[in-house]
Amino acid sequence: MPKKPSRLTRDPFEERESAKYDRPIASREYLLDLINIHKVPVSQGHITESLKYDDEDRIEALRRRLNAMVRDGQIFRNRRGGYLSFDHMDLEKGFVQAHADGFGFLTPESGGKDIFLPERQMRKLMNGDKAAVKIASYDQRRERSEGALISVLERAHQTVVGRYYCESGIEFIIPDDKRLTQDILLNRDVGHAAKQGDIVIVRITEYPGQHTQAIGIVEAVLGQDNAPGMEVTIAVNKHSIPNQWNAVVKDEVKTFTGEVASADKNNRQDLRKLPFVTIDGADARDFDDAVYCEQNDKGFRLYVAIADVAHYVQPGSALDEEAVKRGTSVYFPGEVIPMLPEVLSNGLCSLNPKVDRLCLVCCMQVSTQGVIKSFEFSNAVIHSHARLIYDDVAAAIFENNSKALKAIGSVKEGLENLKLVYLALAIARKKRHAIEFETREVVFKYNDRRKIESIVPVERNQAHMLIEECMVAANICAAKLLKKKKIPTLYRIHEGPNSDKLPNLAEFLLSFGIKLPGLEPTPGDYADIIEQARARPEFDMIQTVILRSMLQASYSPDTKVGHFGLALNDYAHFTSPIRRYPDLLVHRAIKHWIAQGSNKDYGYDLAAMTALGESCSRNERRADDATRDAADWLKCEFLQKHIGKQYSGIVSGVTSFGLFVQIDDLLIDGLVHVTSLKRDYYHFDPAHHRLVGELTNRSYQLGDRLMIEVIRVDMEERKIDFDLVATLSSNNRKPAKKGKRKHSQKKGKKSVVKKARKKSSPRKPVRKKAR
C-alpha cells in the first residue's frame, strides 16, 4: 500500500457536489489531487480509506466516478487496478487519425508534431479514438516520433455504416469509411434482415483487440445504394453527426413561442425604424444577419445586426450542451442538420421580414477609405424591412436593372449606401494585402424522386462580396473588443503557410517566372503572387498549388496568431451564432462586457476556451468531411448515367500513379491512370506537379486542359476513372523531344511500371472462429 499522503485541505468543490447530489462524494478535482500526491499507482481501496467512506452506496459512487475519470482521460488505471495521474507517466494524449493502409497518427493535445503509430499499435484502435501513448522511439530519417499504445481513453464510434456480406457462413460488414481498416464481424445469435450488399448500420458490442476483430449487431438496414437520400444518411452515420434532439432539449424548446415576448424587448436599443434588410440566397431558410448603412459627414455609419441567440441559449442548458456536441450546422445538398432546433434557427433567431427580432448589433463608423474609426456593440431590437436575394441586389445596384430596381422599392437608398461602404471597405482590404482567392462551387438539382438530375455551377456576384465585407468588418470589431478587454473567447486563426511545403512551392512558382520572397512569406507576398498570376492561362493551377501550401484555419483563444489569409491581427467569428458555436461564445463574451463593463466573473476561463476551440475545430472538419462525402456520392451517381461520354477538363492534381482531372462546370474529379498515357514511361516530378515522358519528354502537369472519357464509376469506393482522349492545351513551355528509348536508366531514376487495372472487389475478412 502506498505511503499515507500529507493531509489534504477540505474539498473546495464540496458545496457544488452537495447541490447536485443527495449523497455527495469527493469531486473529480479533489480525487485528482489525492491521486497526484501519491505519485505511485493507488488502489480504489486506498482512496476509499483516505476518504473514510464506509457505506456501500458511497463506495459504489466512488467506483463509478473513478471509472468516468478514466474514460474521460483524467487518470489512468493500470492492469492491477491502480490509479495514476497522467502527469507522472510522461504520456501523450490525443486523437487518432487512421490511414487506409493500416498505420496511423496521434495528434497530441499538448501540441507539436503528430506521433506515428505502426500497424501493430493500431490493432486496438479505430479512426477518431482518443488514446494515450508513450514515445517508444524516434525516426531520425523521417524526423518523427513513434508511439506505443497505453490506453484507449474514448471511443469515437458506437455505430458504423458499411456493406453487409456473408461468405462461408461468416457474416461481416466492410465499413464505408476507408479509415476503418478492419471488417466488423456480426454476432450470429442476433438476427437481422440484411441482404448481400445492403448498406447497414452496425452497433459495436466488442471493440477490436490485439488479436481479435470488432463484433457488432445490425441496428438498421438502410438498403441498396440507389435509394433516395442515401448519400446523406451514410454521411451522417459515417461521421457520427448528431441528428436527433433528445427529450430534454425537446422539453426546453416547448417554452419558446413564435414571437418575441414584450418583456424581452425592454432595456434594449430600439432600432426598429431603421430599414434593415437581409440579403441571402434564394433557397436560404435562416436569416441570421441584417444590414443597414447611412452616410454622414465622416463617411458611413454601418450597422450589422446579428440574431441574439445567446439570449435564448443559456450556458449549461440542454440546448447548449447539444450545440457543443454539434458545433456547427451541416449543410448537405438539399438538406440541413441544424445546430439549434428549428423553433430558433428558422423562428425566433431568424431575422424574418416584417417581424420584431432581438439582436446584438455592431454599429461602425467607417471612413471613405474603408477604415473603421470607431464601433459600438449593443443589445437591440430590430424590424427587418425586406428579405432580398443576392441576384436581385446585384442586378439593381451594380447593373442598374430597371426591373430589379423596381423590386427593391423603399430600401433603395440604404442599398446604395451599402454599395458605397462596400467599395470603401474593399479599398482597405486591398491596402492590407488580403489574399483574393477565386473559388468555384456547384449546386445539385434533384427530380421529384430526389435523384440527382443536373449539376449547376454557382456564380458569386458583387452582392455576395458586399455582405462578406460587412460581416468581416463586424468580425474584426468583435475580436478587437474582446482582445482589448481581455475576455476569453475563440478567435478564428490562420497560421498561413506550411513550412514543409514552401521549398516545393518556391521551385514551382519559379518555373513560371514568379519569385517567392524568402521562406517566411507575408500575406502581402501571397497577394502579389495571386495578382501576378491572375492574367495567366495557368492561374487556376497556380492558385490551387498556393492553397495547398497553406495550413487550415481553426478556432483558438490565442490572441497572437491572427488571420494570415485576411491579413488581420485580430479576427473572430461573430456573425453566425445560429449555425456556429464559436460565434455564440463570442456573443456571450460581448454581452458580458455590455452588462458588466469588465471581464470579472465571466463564466469561461482560458482552459475551458482552449478545450472548446479544439472541439469546435474538430466538429467543423467533421462537417466538411461529411458534406464532401455526400457530394462525392452524388457526383458518382450522376456520372454513372454518363459512362462513355466525353468532357473537357483541367488537370487538378498529379501523382505518381496518374492525373486527376476536374470536369469543367461540373467540378467533378476523376483519375486518368498512368496506364492511359500511351507510348511512353512517365516519371513523377513532385516539385513541378507533372509527369514527364522518358522517351518523348512529353509532360502532363497541373493546369493542362484535356479531353477525357468517363470509363468507370465505383460507388462503393467513390472513385471515377477517365481515359485520356486528347490534349486541348498544355502549360509546357519546352517542345517535346523525340529520341530512341534508352536501354539503361540513370542511377537512382525509377520508371513507372505500368500495371493492368484490376477490378475492385470487397476486402476479404480475416477469418476468425465464430463466437
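Caption draft 1: Spotlight on the overall build of the protein chain. For the protein chain, the helix and strand inventory stands at 19 helices and 33 strands. By the compact-globule yardstick of 28 Å for 771 residues, the protein chain fits well, its C-alpha radius of gyration being 29 Å. Across its three principal directions, the C-alpha atoms of the protein chain cover 90 × 75 × 55 Å. Expressed as a percentage of its 771 residues, the buried residues of the protein chain come to 50%. Within the protein chain, contacts between residues separated by at least 24 positions form 67% of all contacts whose residues are at least 6 apart in sequence. Here the protein chain has roughly 38800 Å² of accessible surface; of this, 49% comes from carbon and sulfur atoms. For the protein chain, the distance from the average site of its 119 positive side-chain charges to the average site of its 104 negative ones is 5 Å.

Caption draft 2: Quick peek at the pairing of strand 26 (residues 646-655). Counting buried positions along strand 26 yields eight of ten residues, so the element is predominantly enclosed. Bridge count between strand 26 and strand 32 (residues 705-714): five bridges; the pairing is antiparallel. Residue pairing in the sheet places Y647 in a bridge with I708 of strand 32. Note that strand 26 and strand 27 (residues 658-663) share six bridges and pair antiparallel. Its bridge partner being in strand 27, V651 is matched across the sheet by V661. Here strand 26 folds back onto strand 27, and the loop between the two strands holds two residues.

Caption draft 3: Structural view of the sheet that holds strand 29 (residues 682-685). Pairing within the open sheet is antiparallel, and its three strands lie in the order 29-30-31. Looking at which strands have only one partner, the edges of the open sheet turn out to be strand 29 and strand 31 (699-701). Geometrically, the sheet is characterised by an average inter-axis angle of 20 degrees between neighbouring strands, direction not taken into account. Bridge count for strand 30 (residues 690-693) against strand 31 is three bridges, and the pairing is antiparallel. Directly across from V692, in strand 31, lies its bridge partner S699.

Caption draft 4: Inspection of the side chain of N417 at higher detail. Looking at the element boundaries, N417 is found in helix 13 (residues 412-431). Residues contacting N417, with those up to four places away along its chain left out, are C293, E294, Q295 and F300.

Caption draft 5: Quick peek at the packing of helix 3 (residues 44-51) against helix 4 (residues 56-71). In contact at an axis separation of 11 Å, helix 3 and helix 4 are set at 125 degrees when each is read in the N-to-C sense. One finds that helix 3 runs oblique with respect to helix 4. Here helix 3 and helix 4 pass one another in a crossing that is right-handed. Contact residues: Q44, I47, T48 and L51 in helix 3; I59, L62, R63 and L66 in helix 4. In terms of residue class, the contact of helix 3 with helix 4 is built from five nonpolar, two polar and one charged.

Caption draft 6: Looking closely at the sheet that holds strand 12 (residues 215-223). In spatial order, the strands read 8-9-10-12-11; together these five strands close into a barrel with mixed pairing. Here the average twist between neighbouring strands, direction ignored, is 50 degrees. Two elements, strand 9 (residues 170-175) and strand 10 (residues 184-186), share two bridges in a ladder whose sense is antiparallel. Among the inter-strand pairings, F172 is bridged to a residue of strand 10, identified as L185.

Caption draft 7: Geometry of helix 4. Helix length check: helix 4, at 16 residues, gives a terminal C-alpha distance of 23 Å against a target of 22 Å (1.5 Å per residue), a fit within 8%. Within helix 4, burial applies to L62, R65, L66, A68, M69 and V70. On the buried face of helix 4, the contacting elements are helix 1 (14-20), helix 2 (28-38), helix 3, strand 1 (75-77), strand 2 (83-85) and strand 7 (144-154).

Caption draft 8: How the structure looks around the packing of helix 9 (residues 318-326) against helix 19 (residues 606-640). Packing of helix 9 against helix 19 leaves a shortest axis separation of 8 Å and a crossing angle of 60 degrees. When the axes of helix 9 and helix 19 are compared, the pair comes out oblique. Taking contact as the criterion, the partners of V324, K325 and R326 in helix 9 are, on helix 19, L612, S615, N619 and R622.

Caption draft 9: Summary view of the pairing of strand 33 (residues 719-729). In terms of strand pairing, strand 28 (residues 669-673) meets strand 33 through two bridges, oriented parallel. Counted as the bridge partner of L671 is D721 from strand 33. Relative to strand 33, strand 32 runs antiparallel, the two being bridged by nine bridges. Following the sheet pairing, E709 is matched in strand 33 by D723.

Caption draft 10: Local environment of unusual backbone geometry. Notably, S168 is not glycine yet its phi reads approximately 55 degrees, a positive angle. Looking at where S168 falls in the secondary structure, it is placed in the loop between strand 8 (159-167) and strand 9. Phi is positive for H433, which is not a glycine, with a value near 65 degrees.

Caption draft 11: Structural context of helix 9. Looking only at helix 9, the buried set comprises A318, L319, D320, E322, A323 and R326. Turning to helix 9, the residues buried within the fold contact helix 7 (247-253), helix 8 (309-312), strand 18 (335-337), helix 10 (342-348), helix 18 (581-596) and helix 19. Remark: G327 follows helix 9 within two positions and exhibits a positive phi of approximately 75 degrees.

Caption draft 12: Fine view of the nonpolar core. Within the largest apolar cluster, 93 residues are counted, with the highest numbers of intra-cluster contacts made by L302, L415 and F574. With sequence-adjacent residues up to four places away left out, L302 is seen in contact with Y292, C293, C362, C363, M364, V366, L418, V421, L425 and C470. Counting 58 residues, the second largest nonpolar core, distinct from the first, contains V442, C636, Y647 and I708.

Caption draft 13: Examining the pattern of salt bridges more closely. The tally for this structure, following the rule as stated, stands at 46 salt bridges. Of the charged contacts in the structure, one is a salt bridge between D177 and R179, with a shortest N-O distance of 3.1 Å. You can call R179 partly exposed: its relative accessible area is 29%. Between D685 and R690 there is a salt bridge, with its nearest N and O atoms 3.1 Å apart.

Caption draft 14: Highlighting a nonpolar patch on the surface. Taken together, the side chains of V443, V456 and V458 define a hydrophobic patch exposed on the protein surface, amounting to about 170 Å² of accessible area. In this structure V458 comes out as partly exposed when scored by relative accessible area, which is 32%.

Caption draft 15: Examining the packing of aromatic side chains more closely. In this structure the tally under the stated criterion is 16 aromatic pairs. Ring geometry for F103 against F116: centres 5.8 Å apart, planes inclined by 40 degrees, an arrangement best described as tilted. Of this pair, F103 sits in the loop between strand 3 (92-98) and strand 4 (104-108) while F116 sits in strand 5 (residues 115-117); the two residues are 13 residues apart in sequence, bridging distant segments of the chain. Centroid distance F398 to Y422: 6.0 Å. Interplanar angle 85 degrees. Geometry classified as edge-to-face. With F398 in helix 11 (residues 390-398) and Y422 in helix 13, the pair connects residues that are 24 residues apart, well separated along the chain. We note that F398, like Y422, is buried. Cation over ring: R326 sits above W245, and NZ or CZ is 3.6 Å from the ring centre.

Caption draft 16: A look at the confidence of the model for the protein chain. Across the protein chain, the average pLDDT comes to 88, with 93% of residues at 70 or higher. The low-confidence segment residues 1-6 (pLDDT under 50) makes 14 contacts with residues lying over four places distant or belonging to another chain. Note that pLDDT drops below 50 for residues 733-771; the model gives that stretch 68 contacts with residues more than four away or on any other chain.

Rules used throughout
Residues numbered from 1 in each chain as written. Predicted model: local features only at pLDDT ≥ 70, side-chain atom pairs only at ≥ 80, totals over all residues. Heavy atoms only, no water. Helix = DSSP H or I, 4+ residues; strand = E, 2+ residues; numbered from the N terminus. Rg over C-alpha atoms; globule rule 2.2 N^0.38 Å. Buried < 20%, exposed > 50% of the residue type's maximum accessible area, 1.4 Å probe, protein only. Contact = heavy atoms within 4.5 Å. Areas by Shrake-Rupley, 256 points an atom, 1.4 Å probe, with all protein chains shown as cover. Lys, Arg positive; Asp, Glu negative; His and termini not counted. Charge placed at Lys NZ, Arg CZ, Asp CG, Glu CD. Pairing = 2+ DSSP bridges. Axes fitted to C-alpha atoms, helices over the stretch in contact; angles between N-to-C directions. Parallel < 35°, antiparallel > 145°, perpendicular 65-115°, else oblique. Left-handed = near helix turned anticlockwise from the far one by under 90°. Nonpolar A, V, L, I, M, F, W, Y, C, P; charged D, E, K, R; others polar. Expected span 1.5 Å × (residues − 1). Core = buried A, V, L, I, M, F, W, Y, C linked by side-chain atoms within 4.5 Å. Salt bridge = Lys/Arg side-chain N within 4 Å of Asp/Glu carboxyl O. Patch = residues over 30% accessible without salt bridge, like charges linked within 9 Å, V, L, I, M, F, W, Y side chains within 5 Å. Phe/Tyr/Trp six-rings, centres within 6.5 Å; stacked < 30°, edge-to-face > 60°. Lys NZ or Arg CZ within 6 Å of the ring centre and 35° of its normal. pLDDT = per-residue confidence, 0-100.

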